[in-house]
Amino acid sequence: MPLGGKALKKREQNKNEKLGVVTDDAILRKQATAKAEVKCSICMQVFKVTKTCADQKNHAASKHPKQTLEELFPGLEIPA
C-alpha cells in the first residue's frame with residue numbers, strides 16, 4: 001500500500017531534521033521576526049535591540065557610568 005501525503009511529508013521532515021535543515025514554518029517565522037541582539041563590550045551581557053534602546057541606556061547608567069554608550073555597544077545606532 002503506497003504512503004499517503006502526510007507520511008511522505010513526515011519522512012522528509014525527519015530526514016531534514018537529521019541533516020539539520022529546519023522545515024517547520026513556525027520556527028522559520030520566529031527566526032525571521034526575531035529582534036537583533038547586542039552585547040555589552042565590558043560585561044558581555046546580551047540585550048535585545050529596540051527602537052529606544054532603553055535597556056542599553058539603563059545598563060550603561062547603572063553598571064558602567066564612566067563609559068559612553070558607543071564604547072559599551074559599538075555599532076549600535078542609538079536614537080537621541
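Student: Would you explain the confidence of the model for the chain in this entry?
Tutor: In this model, the chain carries a mean pLDDT of 85, and residues with pLDDT of at least 70 account for 98%. Within the chain, no element has a lower average pLDDT than helix H2 (residues 25-33), which sits at 76, and none a higher one than helix H3 (residues 54-63), at 93.

Student: Before we go on, may I ask you to explain the packing of aromatic side chains in this structure?
Tutor: Aromatic ring pairs are described here by two measures, namely the spacing of the ring centres and the angle between the planes. Counting across every chain of the model gives one aromatic pair. Taken together, a centroid distance of 5.7 Å and an interplanar angle of 85 degrees make the contact between Phe-47 and Phe-73 edge-to-face. Of this pair, Phe-47 sits in strand E2 (residues 46-48) while Phe-73 sits in the segment after helix H4 (69-72), and the two are 26 residues apart along the sequence.

Student: I would appreciate a short explanation of the pattern of salt bridges in the present structure.
Tutor: Pairing between side chains of opposite charge can happen when the charged atoms of each approach one another. A full pass over the atoms with the stated rule returns one salt bridge. A salt bridge links Lys-48 to Glu-37; the shortest N-O distance between them is 3.1 Å. Taken together, the residues span a long stretch of sequence, with Lys-48 in strand E2 and Glu-37 in strand E1 (residues 37-39) at a distance of 11 residues. Residue class for Lys-48 comes out partly exposed when judged on its relative accessible area of 42%.

Student: What am I meant to see in unusual backbone geometry here?
Tutor: Negative phi characterises most residues that are not glycine, and trans characterises most peptide bonds. Not every positive phi belongs to a glycine, and Met-44 is a case in point at roughly 65 degrees. Looking at the secondary structure, you find Met-44 in the loop between E1 and E2. Classification of Met-44 as partly exposed rests on a relative accessible area of 48%.

What counts and what doesn't
Residues numbered from 1 in each chain as written. Predicted model: local features only at pLDDT ≥ 70, side-chain atom pairs only at ≥ 80, totals over all residues. Heavy atoms only, no water. pLDDT = per-residue confidence, 0-100. Helix = DSSP H or I, 4+ residues; strand = E, 2+ residues; numbered from the N terminus. Phe/Tyr/Trp six-rings, centres within 6.5 Å; stacked < 30°, edge-to-face > 60°. Salt bridge = Lys/Arg side-chain N within 4 Å of Asp/Glu carboxyl O. Buried < 20%, exposed > 50% of the residue type's maximum accessible area, 1.4 Å probe, protein only.

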